[in-house]
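Listed here are the chains, written in short residue letters.
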Amino acid sequence: MKTILIIDDDAKLNQLLTGYLTGFGFSVESATDPADGLKQLVRIQPDLVILDVMLPGMDGFEVCKTIRKTSAVPVIMLTARGDVTDRIVGLEIGADDYLPKPFEPRELVARIQTVLRRQTPAANGSDLLQSGSLTVDVGRREARLNDQLLDLTTAELDLLILLMKQPGKVFSRDDLLENLRGFEWDATNRTMDILVSRLRTKLEDDPKSPTWIRTVWGTGYQFLPARSA
């Protein structure tokens, strides 16, 4: 059974979501205070966190930053303002998805299932992808650069796997969004550019002289085939 932690100061919403998500087979814990939520994160080690942006004392962005210092647990952020800027900031600091309030609980379930499905290890645990000093064990969902384990979020790892499986192929942003998300996103936002930028930072990849991910201007991105020694 997958465990979900909800951090939202709306106690009634937490109660409603707890009952609804429990009906889909999830174990649910909730907190209305961000500090308490962070303590529960350590205590219960959830499989996914639902995090509201508007929190007292410490907003959801700060909570997400704190989570990312020690954990790659998937985070779905909720925002009542519907501001594209909120969504971009959330993705920049490591959130895996976002959902504007108000929302249909069934849509939240679909988002949760999509994120958790992407995180589930592949049936073939020996599925290895390698390019030079970069290796990804798809089954274990681990990426290593120069034998050092990379701290990648679910979305970052899925992007890397998708690109590495087809080196040299140019993916448009729409291609990447469709493959990684499975639902429609606002085509005007910078979602994919932000995700690529985050991944590049962790790969220590200079976009001006890339080793791994090349920008194809006006089109999208491609993973560069390993260079011959």
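Each chain carries its own residue numbering, running from 1 in the written order of its sequence. For this predicted model, a pLDDT threshold of at least 70 governs which residues receive local features, and a threshold of 80 or more governs which side-chain atom pairs are given and counted, while totals over whole chains, interfaces and linings are taken from all residues. Think of the side-chain values as coming from all heavy atoms in the structure, minus any hydrogens and water.

So, on to helix α1 (residues 11-22). The first and last C-alpha atoms of α1 sit 16 Å apart over twelve residues, in line with the 16 Å expected at 1.5 Å per residue. The buried label goes to any residue with under 20% of its type's maximum accessible area, the exposed label to any with over 50%, and the partly exposed label to all in between, with areas taken from a 1.4 Å probe on protein chains only. Strands are runs of DSSP state E lasting at least two residues, helices are runs of H or I lasting at least four, and both sets are numbered from the N terminus onward. All of the buried residues along α1 are Leu13, Asn14, Leu17 and Leu21. Relative to the axis of α1, the buried residues are bounded by an arc of 100° and lie together on one face. Exposed and facing more than 90 degrees away from the buried side of α1 are Lys12, Gln15 and Gly19. Polar contact is the term for a pair of N or O atoms within 3.5 Å; when the atoms are in protein, one must be able to donate a hydrogen and the other to accept it, and sequence-neighboring residues count only if both atoms are side-chain atoms. Where α1 begins, the side chain of Asp10 points an oxygen toward the backbone nitrogen of Lys12, at a separation of 3.2 Å. Expected span of a helix: the number of residues minus one, times 1.5 Å. Arc definition: directions from the helix axis to the C-beta atoms.

Further remarks concern the environment of Ile6. If you trace the backbone, Ile6 turns up in strand β1 (residues 3-7). Distance from Ile6 to Ala31, taken between C-alpha atoms, is 6.3 Å for residues 25 residues apart in sequence. Aside from chain neighbours lying at most four places away, what touches Ile6 is Asn14, Leu17, Thr18, Leu21, Val28, Glu29, Ser30, Ala31 and Ile50. Contacts are residue-level and defined by heavy atoms, with any inter-residue pair within 4.5 Å sufficient.

On to the sheet that holds strand β5 (residues 97-100). The five strands lie next to each other as β2-β1-β3-β4-β5, forming an open sheet whose pairing is parallel. At either end of the open sheet lies a strand with only one pairing partner, and these are β2 (27-31) and β5. Going across the sheet, the axis of each strand differs from the next one's by a mean of 20°, ignoring polarity. A pair of strands is treated as paired once DSSP finds two or more bridges between them. Relative to β2, β1 is paired through five bridges, and the arrangement is parallel. Counted as the bridge partner of Ile7 is Ala31 from β2. An axis is simply a line fitted to the C-alpha atoms; with a helix, the fit covers only the stretch in contact. Between two such axes, the angle follows the N-to-C directions and lies from 0 to 180 degrees.

Of all the five residues making up strand β3 (residues 48-52), five are buried; the element is thus mostly covered by neighbouring parts of the structure. Taking every second residue as pointing to the same face, both faces of β3 are buried, with Leu48, Ile50 and Asp52 on one and Val49 and Leu51 on the other. Of the strand pairs in this sheet, β1 and β3 are connected by four bridges, and their pairing is parallel. Pairing of Leu5 across the sheet is with Val49, part of β3. Taken together, the four bridges between β3 and strand β4 (residues 75-79) define a ladder with parallel strand orientation. Across the sheet, the residue bridging to Leu51 is Met77, located in β4. Here a crossover is taken to be right-handed if, once the strands point away from the viewer, the path from the first strand over the helix to the second is traced clockwise. In this fold, β3 hands off to helix α3 (residues 60-70), which returns the chain to β4; that crossover is right-handed.

When helix α2 (residues 34-44) is considered as a whole, its buried residues turn out to be Pro34, Gly37, Leu38, Gln40, Leu41 and Ile44. Down the axis of α2, the buried side of the element spans an arc of 160°, and every buried residue falls inside it. Exposed and facing more than 90 degrees away from the buried side of α2 are Lys39, Val42 and Arg43. Between the side-chain oxygen at the start of α2 and the backbone nitrogen of Ala35 there is a gap of 3.1 Å, and the oxygen is on Asp33.

Looking now at the sheet that holds strand β12 (residues 220-223). Two strands in a sheet stick together by hydrogen bonds in their backbones, pointing the same way (parallel) or opposite ways (antiparallel). What the three strands build is an open sheet, ordered β10-β12-β11; its pairing is antiparallel. Two strands bound the open sheet, and with one partner strand each, they are β10 (170-172) and β11 (213-216). Neighbour-to-neighbour, the strand axes of this sheet turn through a mean angle of 30°, independent of strand direction. In the sheet, β11 pairs with β12 via four bridges, with the strands oriented antiparallel. When the sheet's bridge partners are listed, Val216 is paired in β12 with Gly220. Lying over the sheet, helix α6 (residues 154-165) contacts β10, β11 and β12, oriented at roughly 70° with respect to β12.

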